[in-house]
Amino acid sequence: MSVSTPGTGFLTDPGEAAGLTRQLNDFAASLVAEHTDRFGYFATLPMPDAAASAIEAKRALDELGADGVILLANNQGVYLGAGGQDELWQTLNDRGAVVFVHPADLPAPAVDGIPPFAADFLLDTTRAAYLLVRNSVVRMYPNIRFILSHAGGFVPYASHRMAVAIAGDTGRSPLDVLDDFRSLYYDTALSSSSAALPTLLAFARPGHVLFGSDWPFAPAIASQYFANGLDSGVDSGVLQAVNRTNAEILFPRLAGTPAQTAVRPAPVRLRQTAQRAAARLVFKLVRPSTDQHRSPGP
């Protein structure tokens, strides 16, 4: 479980943000305590206040038993990887924390006709990943396991271009920069299409791809559509690793918990079956055929 965008960053008063953050984490911890075999949670932190976030991270990880923390790519326009965040990174590094990075609204007006979730969210995650690598956060705090949602935005696709830019800016080897990007973890939420999934699997380190659905914010049929892309796009060994095994390594507390499926009422099951069937049909209709003939270019 995690609190997604906008987190507590919509509160401009730091004290109010820290107070709401504590309430959210206490509530999440109580749910896990009541259902230990079913839930884990990422603690919310009151960013962009890095000092207050370090304090709450200690409390959530040391006292409440959080399984990690969630950080938005930017908070009030301040991106992860910017200056002044070392206290937080050191706190998380000392605990070998898992950090789930989720996009937020860009610190700029949306473009008419382009929903933020369609493109802006992907850019937001990419910007954060760029700064985390460019400013050596990933390298200086190697015990932090960063998970980038939505396959890292544009990271796998643009990784070499970004590596060349960072190398030119910092004097580092582009191969070292690429290695830092590849050390991150990536989830498949709304990203396991026949175009995106091969790029992600080719770029990410083995064991660094995790299943994601973007539920409940994405419509169920959209989540199922991309799940179908994963189910039909990789072999059984990779599928098992992405669906479960890779996550068990990150979250050993949950590794011994058998996968459970709650029994839902018959009308709900029928509706979900229909949604899955519709999603499979749509996926088959739009997925490029391997034997499709294309006209030659000019």
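Before reading on, note that the structure itself is shown above.
Numbering of residues begins from 1 in every chain and follows the order in which that chain's sequence is written. Since the coordinates come from a predicted model, pLDDT governs what is reported: local features require at least 70, and pairs of side-chain atoms require 80 or more to be given and counted, while whole-chain, interface and lining totals use all residues. As a rule here, side-chain values cover all heavy atoms of the structure and leave hydrogens and water aside.

## A closer look at the environment of Phe39
Quick note on the threshold: Segments assigned H or I by DSSP are reported as helices when at least four residues long, segments assigned E as strands when at least two residues long, and all are numbered from the N terminus. Type-normalised accessible area, obtained with a 1.4 Å probe on protein chains alone, sets the label of each residue: buried when under 20%, exposed when over 50%, and partly exposed for intermediate values. Residue contacts are counted whenever heavy atoms from the two residues lie within 4.5 Å of one another.
Mapped onto the elements of the fold, Phe39 is located in the loop between helix 1 (14-34) and strand 1 (42-44). Judged by its relative accessible area of 30%, Phe39 falls in the partly exposed class. Residues Phe39 and Ala29 lie 10 residues apart in sequence; the distance between their C-alpha atoms is 9.5 Å. With residues near it in sequence (within four places) discarded, Phe39 still touches Met1, Leu31, Val32, Arg253 and Leu254.

## Some words on the sheet that holds strand 2 (residues 68-72)
Under the convention used in this document: Between any two strands, pairing holds if DSSP finds at least two bridges.
On the basis of which strands lie adjacent, the open sheet formed by six strands has the order 1-2-5-6-7-8 and parallel pairing. Each end of this open sheet is capped by a strand with a single partner; those strands are strand 1 and strand 8 (209-210).

## Focus on the nonpolar core
Applicable threshold: Throughout, nonpolar core names a set of buried Ala, Val, Leu, Ile, Met, Phe, Trp, Tyr and Cys residues whose side chains join them through atoms within 4.5 Å.
Within the largest apolar cluster, 53 residues are counted, with the highest numbers of intra-cluster contacts made by Leu71, Trp89, Leu92, Phe146, Phe181 and Tyr186. The greatest single-element share of this core, amounting to five residues, is contributed by helix 6 (residues 155-170). Those residues in contact with Leu71, other than ones at most four positions away along the chain, are Leu45, Met47, Leu80, Leu88, Trp89, Val99, Phe100, Val101 and His102. Judged by nonpolar contacts, the second largest core, of nine residues, contains Ile70, Val98, Leu250 and Phe251.

## Digging into the pairing of strand 2
Heads up, the condition is: Assignment of crossover handedness uses the view with strands pointing away from the viewer, where a clockwise path from the first strand over the helix to the second indicates a right-handed crossover.
Burial of strand 2 is extensive: five of the five residues sit out of reach of the surface. The alternating pattern of strand 2 places Gly68, Ile70 and Leu72 on one face and Val69 and Leu71 on the opposite face, and all of these are buried. Of the strand pairs in this sheet, strand 1 and strand 2 are connected by three bridges, and their pairing is parallel. The partner of Ala43 across the bridge, within strand 2, is Val69. For the crossover that starts at strand 1, traverses helix 2 (residues 50-63) and ends in the parallel strand 2, the hand is right-handed. As defined by bridge partners, strand 2 adjoins strand 5 (residues 98-102) across four bridges and the pair is classed as parallel.

## Comments concerning the pattern of salt bridges
For the record, the criterion: When a carboxyl oxygen of Asp or Glu is within 4 Å of a side-chain nitrogen of Lys or Arg, the pair counts as a salt bridge.
A complete count under the given rule lists nine salt bridges for this structure. Measuring nitrogen to oxygen at the nearest pair gives 2.9 Å for the salt bridge that ties Asp62 to Arg95. With Asp62 in helix 2 and Arg95 in the loop between helix 3 (86-94) and strand 5, the pair connects residues that are 33 residues apart, well separated along the chain. Look at Asp62 and you get partly exposed, because its relative accessible area is 48%.

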